[in-house]
Amino acid sequence: MSKQIERRTFLHGSAAAAAAWASPRLFAIGGRVARKLDGPGCIGSANAHLPKPGHPKQQSYSAVETATSRLRAGDRPVDSAVVGVTLLEDDPYETGVGLGGLPNEEGVVELDASVMDGTEHRAGAVAALRNIQNPAAVALAVMRKTNHLLLVGEGALRFARDLGYPEVSLLTPESRRVWLEWRAARGATDNWIGEPEGGSTSSAVKSPPLGTTHISCWDGKGHVGGATTTSGLAWKVPGRVGDSPVIGAGLFADDGAGSAGSTGRGESNILVAGAHTIVEQMRIGKSPEEACLEALRRVTDQCERRLRDASGRPTFDLAYYALNKDGEYGSAMIYGRYHNAAFAVCDGKGPRHESGAVLFSESK
Ligand code: GLY
């Protein structure tokens, strides 16, 4: 991660860390001046800005830059966000979304996505969608072309097919290789509670990756919208649906307050209706970063015991991204594990990574 990312944490020190189980609320303080977009722009998960210079395998692109150029051209925030996340869905080397997303325990890629227009207060979503590379665009079609909000599984596939989306194999040679490695080592590393201990090798096997992409857009005139897309938790039980397609959890947008989205352990986010909670916190005056931290505190307060480590902290990570109707923005994560606590931003100053607030430091 570049040095321009200034990592900040809200830890008060090791004495406070020892009290994490008893009182996670002690760890976060808010009140910092909110950052503001320089004209129309957007924020998103760190993978929405991937310069990746010199990396032979991965494409070089910036989804937040693409989304911002669409905003400048006059597209609605929700449409701009979908154009942005589509770049990642089309990238076979991005293992958390679209083509090349890691599959479920049977080796089948199942995609989840949602979109929301904060002006019209309309949303669309698809869940457990197979064989279609661009679930965010299909979610947009659910919003625009149907009387419904969420289509799942076979019905979502038939809908996409009827609209002309081509059916493709989403499993790449690399994602198949990693899945086969996991399958050979499965045991304690699967998603069934109470399975016997089993061996495991790579980090992708030991800690199933989550590579969701979220983008929230602001048009400079108070209109907001967003999109969240994912292949979900790797090696999931077939049919498992995470937070990304759940409006109010993985995404929520309302011009009256702002837009928010999430990446990370979806089950924990659904339980606090994370994106809706953040938007409502911004509505009552919290900065985007404070609102994200409040939702994270609810996650850590409510976290069930089996998902806590010996010091009482969650064993998983979760990240929130938010911008308000005035273009102020922020992000917060439990640990910031996946991208060194960075999130993506683009506005008149161009695309970049910035540092999010971190609830807990990894060093104990
Ligand atoms: N946040 C993505 C998922 O849990 O599926």
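None of these values were measured; they are calculated from a predicted model.

Counted by the stated rule, this structure contains 20 salt bridges. Between Glu354 and Arg35 there is a salt bridge; the shortest N-O distance is 3.0 Å. Separated by 319 residues along the polypeptide, Glu354 in strand β16 (residues 352-355) and Arg35 in strand β2 (residues 35-36) bring together distant segments of the chain. Take Glu354 and Arg35: they sit in the same class, and that class is buried. Here Arg144 makes a salt bridge to Asp79, at a shortest N to O gap of 2.9 Å. Separated by 65 residues along the polypeptide, Arg144 in helix α4 (residues 135-145) and Asp79 in helix α3 (residues 77-89) bring together distant segments of the chain. Overall, Asp79 belongs to the buried group, its relative accessible area being 17%. Here the salt bridges share partners, and the residues they tie into one network are Arg35, Glu289, Asp347, Arg352 and Glu354.

Okay, the site of the ligand next. As a matter of local geometry, the ligand sits amid 10 residues, with Thr212, Arg240, Asp243, Gly264 and Gly266 nearest to it. Between Arg240 and the ligand, the recorded distance is 2.6 Å, taken from a side-chain N or O atom to an oxygen atom. If the ligand stood free it would expose 200 Å²; the protein chains cover 100% of that surface. Along the lines of polarity and charge, the residues of the shell around the ligand split into 2 nonpolar, 6 polar and 2 charged.

The next point concerns the packing of aromatic side chains. For the structure on display, the rule yields 3 aromatic pairs. Judged by centre distance (5.4 Å) and plane angle (10°), the ring pair of Trp182 and Trp235 falls under stacked. Remark: Trp235 occurs in the loop between β10 (224-230) and β11 (251-254) and Trp182 occurs in helix α6 (residues 173-185); sequence separation between them is 53 residues. We note Arg265 situated over the ring of Phe316; from NZ or CZ to the ring centre the distance is 5.4 Å. Over the aromatic face of Tyr335 sits the side chain of Arg337, whose NZ or CZ is 4.1 Å from the ring centroid.

A few words on the side chain of Thr229. Structurally, the position occupied by Thr229 is in strand β10. Residue Thr229 is classed as buried on the basis of its relative accessible area of 0%. Within the structure, Thr229 has its side chain in polar contact with the side chain of Glu89 (distance 2.6 Å). Leave out the neighbours within four places in its chain, and Thr229 touches Val85, Glu89, Val97, Asp112, Ala113, Pro135, Ala136, Thr212 and Thr213.

Okay, the confidence of the model for the protein chain next. Summary statistics for the protein chain give a mean pLDDT of 87 and a share of 82% for residues scoring 70 or more. A low-confidence stretch, residues 1-31 (pLDDT under 50), is modelled with 64 contacts involving residues beyond four sequence positions or located in other chains. Of the regions scoring below 50 in pLDDT, residues 195-200 engages in 13 contacts with residues more than four places distant in sequence or in other chains.

Taken together, the side chains of Leu149, Leu150 and Val152 present a nonpolar region at the surface, about 250 Å² in accessible area. As for its placement among the helices and strands, Leu149 is situated in the loop between α4 and β8 (150-152). On the accessibility criterion, Leu149 (38% relative accessible area) is partly exposed.

Analysis parameters
- Residues numbered from 1 in each chain as written.
- Predicted model: local features only at pLDDT ≥ 70, side-chain atom pairs only at ≥ 80, totals over all residues.
- Heavy atoms only, no water.
- Salt bridge = Lys/Arg side-chain N within 4 Å of Asp/Glu carboxyl O.
- Helix = DSSP H or I, 4+ residues; strand = E, 2+ residues; numbered from the N terminus.
- Buried < 20%, exposed > 50% of the residue type's maximum accessible area, 1.4 Å probe, protein only.
- Near = heavy atom within 4 Å.
- Polar contact = N/O pair within 3.5 Å; in protein donor to acceptor, adjacent residues only side chain to side chain.
- Areas by Shrake-Rupley, 256 points an atom, 1.4 Å probe, with all protein chains shown as cover.
- Nonpolar A, V, L, I, M, F, W, Y, C, P; charged D, E, K, R; others polar.
- Phe/Tyr/Trp six-rings, centres within 6.5 Å; stacked < 30°, edge-to-face > 60°.
- Lys NZ or Arg CZ within 6 Å of the ring centre and 35° of its normal.
- Contact = heavy atoms within 4.5 Å.
- pLDDT = per-residue confidence, 0-100.
- Patch = residues over 30% accessible without salt bridge, like charges linked within 9 Å, V, L, I, M, F, W, Y side chains within 5 Å.

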